[in-house]
Amino acid sequence: MKLQYRIIFIIFIINSCALAINEMIPGRVSLQILVGLTMLVIQAFVLHALLFKPLRNLWEHLDHVQLTGNINLRFPLPLKKDEITLMGASINSILNLMKDYQQDVFHQANQDPLTKLPNRSLFYEYLEQSIQNASNSDSKVALMFLDLDHFKQVNDTYGHQYGDDLLCQVSARMCTLRKNEEFFLFRIGGDEFTVILPNNRSPQLLKSLSEKIIAALATPFKIGEHELEISASVGIAIYPDHGRHTEEIIENADIAMYKAKENGKNGYVFYDEELLSSNIRKRKMERLLTRAIENNQLQLLFQPKIDILKKVITGVEATIQWNVPDQGIRNAEEIYLLASESGLVPSVEWWLLRSACIQGKAWMDKGFSTINISVKISLAQLIDALFLKNLTKLIQETKIAPELLEIEITDSLAMVNLETTIACLQQLKNIGVKLTISDFWKENFTLMHLKKMPIDTLKMDRSFVDEITTDPDTAAIATAIVSLSQSLNLRLLAGGIQTREQAKMLYEMGFREMQGDYFSVSIQAKDFEAMMSKKTDLHSLLPPA
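Report on the accompanying structure. Computed from a predicted model, the values in this text were never measured in an experiment.

## Topic: the pattern of salt bridges
Applying the stated rule across the entire model yields 17 salt bridges. Asp-149 is the partner of Lys-261 in a salt bridge, and the nearest nitrogen-oxygen pair spans 2.6 Å. Within this pair, whereas Lys-261 is found in helix 8 (residues 246–262), its partner Asp-149 is found in strand 1 (residues 141–149), the two being separated by 112 residues in sequence. Across this residue pair, the class does not change: Lys-261 and Asp-149 are buried. Between Lys-305 and Glu-406 there is a salt bridge whose closest N-O contact spans 3.8 Å.

And the structure:
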């Protein structure tokens with residue numbers, strides 16, 4: 001029997017005896033009072049021992065937990081099992097649940113949910129602490145900014161699920177590398193990772209680690225049925241050599257990373273002062289380009305395409321240039337390089353496409369109704385669900401005949417889902433737009449793939465044409481492509497022709513439609529109209545002799 005029940009039973013016996021004595025013994029009233037008081041005292045001691053003291057201990061424990069905030073403290077449970085013990089056990093269970101909840105909240109606030117790496121919040125906290133420790137111990141801290149190259153293309157081509165899987169595999173490889181290297185890895189968002197190396201680090205050790213990271217990512221990643229190749233650009237900044245404060249170190253590592261991308265990607269760069277001035281100039285140019293797009297300050301140019309056999313101009317390729325205030329002319333290649341680094345390629349392409357449609361309609365009204373206009377558009381835009389909708393609306397607004405608009409795809413098709421791409425291209429064909437692909441001979445294309453593509457024209461670009469007179473293999477490929485285009489009933493265009501020798505050799509191989517500076521450089525719309533109106537006799541319209 002439990003102790004409290006035994007005591008209650010004894011008290012009951014004593015009270016019963018007191019009542020009996022009260023009936024038999026004179027002066028029983030005084031005795032009853034004495035016994036009653038004795039019982040009250042005994043009951044008070046019993047309640048204090050069995051109830052009040054344990055409750056007070058329990059309350060003091062909870063108060064201590066609240067004051068210290070330490071939910072790891074547990075109420076000591078006595079060996080006896082009574083109601084107070086059960087209450088203490090319940091409180092311990094609640095504290096366990098609170099600890100689990102606290103850990104969940106910490107992970108949600110400080111852990112990347114996809115890769116399970118520490119996130120941006122913990123990165124800032126740890127970097128600040130590392131810099132503080134280095135300041136106190138007169139040591140150094142190295143920060144590496146790592147950004148995956150061409151990751152957006154993976155997302156745009158295969159979808160975000162593929163991108164997420166790729167990020168997880170990149171994280172896993174980095175974690176494997178971390179087993180043999182002392183560093184702390186974080187994912188701070190998107191395709192950006194950071195590495196913190198506390199304590200003094202020599203540049204040679206940082207170079208070695210950067211090379212190991214790049215090598216670890218060089219092996220293709222198996223995602224679903226595809227093997228994806230990805231690389232990384234790494235920027236390195238060291239405290240206190242490259243900054244005295246957390247934000248300064250982060251910014252300078254970021255600047256170095258972008259310089260690594262400018263250098264051709266898949267490499268690493270240490271920050272130096274020259275990069276800062278270069279980055280300031282670059283940011284200024286990005287702001288100027290943004291305003292130029294918004295204020296319609298880019299210039300539209302056109303390069304004629306010539307049918308050598310028929311001796312007529314069949315169309316033009318639309319391109320751009322930019323007269324930068326106090327800096328002069330920037331050509332299309334320079335504009336697209338800046339736009340790709342600042343995320344402005346879609347804006348530049350849409351400006352070019354819209355301007356070309358407006359000009360095409362103007363030429364239709366002037367009687368140049370057979371001149372088609374080609375515009376280079378990135379594959380990422382073409383497969384965007386909104387592109388078709390926006391293009392259809394643009395054609396309706398500008399009232400250009402859709403068959404006069406030609407879209408040229410220059411992106412690599414090696415890393416795309418062909419079925420999805422073909423479906424998107426077919427939708428463009430359905431509204432009447434013509435399609436051209438170039439560089440296809442560099443891809444791992446089968447004849448069946450090419451046959452399925454809803455295209456109108458195959459184009460050889462300058463990189464191909466430049467080798468046509470010097471490389472027998474390139475010449476053999478050109479001859480085969482002529483036969484291929486004839487078999488598939490596709491137009492064939494040779495672009496980037498710079499010399500009469502190139503034009504002559506291509507003509508002899510069977511190329512009839514050509515384009516390049518040898519025939520005409522890119523010119524403004526008014527100059528092209530003058531060329532058409534006067535039927536300008538270009539010296540290379542005749543078949544090369």
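## A closer look at the environment of Met-453
Relative to the elements of secondary structure, Met-453 occurs in the loop between helix 15 (447–452) and strand 14 (457–460). For Met-453, a relative accessible area of 4% gives the class buried. Met-453 sits 18 residues away from Leu-435 along the chain, and the two C-alpha atoms are 9.5 Å apart.

## Focus on the packing of helix 11 (residues 345–365) against helix 13 (residues 385–398)
Close contact between helix 11 and helix 13 brings their axes to 9 Å; oriented N to C, the two are set at 30 degrees. Classified by the angle between their axes, helix 11 and helix 13 sit roughly parallel to one another. Like other packed secondary-structure pairs, helix 11 and helix 13 cross with a definite hand, here right-handed. Mapping the contact onto sequence places Trp-350, Leu-353, Arg-354, Cys-357, Ile-358 and Lys-361 in helix 11 and Phe-387, Asn-390, Leu-391, Leu-394, Glu-397 and Thr-398 in helix 13. When its residues are assigned to classes, the contact of helix 11 with helix 13 shows seven nonpolar, two polar and three charged.

## Describing empty space enclosed by the protein
Scanning all chains against the criterion turns up one cavity of 30 Å³ or more. Size it by volume and the largest cavity reaches roughly 60 Å³. Here the residues of the lining of the largest cavity are counted per class, giving three nonpolar, two polar and three charged.

Cut-offs and rules
- Residues numbered from 1 in each chain as written.
- Predicted model: local features only at pLDDT ≥ 70, side-chain atom pairs only at ≥ 80, totals over all residues.
- Heavy atoms only, no water.
- Salt bridge = Lys/Arg side-chain N within 4 Å of Asp/Glu carboxyl O.
- Helix = DSSP H or I, 4+ residues; strand = E, 2+ residues; numbered from the N terminus.
- Buried < 20%, exposed > 50% of the residue type's maximum accessible area, 1.4 Å probe, protein only.
- Axes fitted to C-alpha atoms, helices over the stretch in contact; angles between N-to-C directions.
- Parallel < 35°, antiparallel > 145°, perpendicular 65-115°, else oblique.
- Left-handed = near helix turned anticlockwise from the far one by under 90°.
- Contact = heavy atoms within 4.5 Å.
- Nonpolar A, V, L, I, M, F, W, Y, C, P; charged D, E, K, R; others polar.
- 1 Å grid on protein atoms, 1.4 Å probe; cavity = no way out; pocket = protein on both sides within 12 Å on 5 of 7 lines; lining within 4 Å.
- Points joined across faces, edges and corners; volume = space filled by probe spheres on them.

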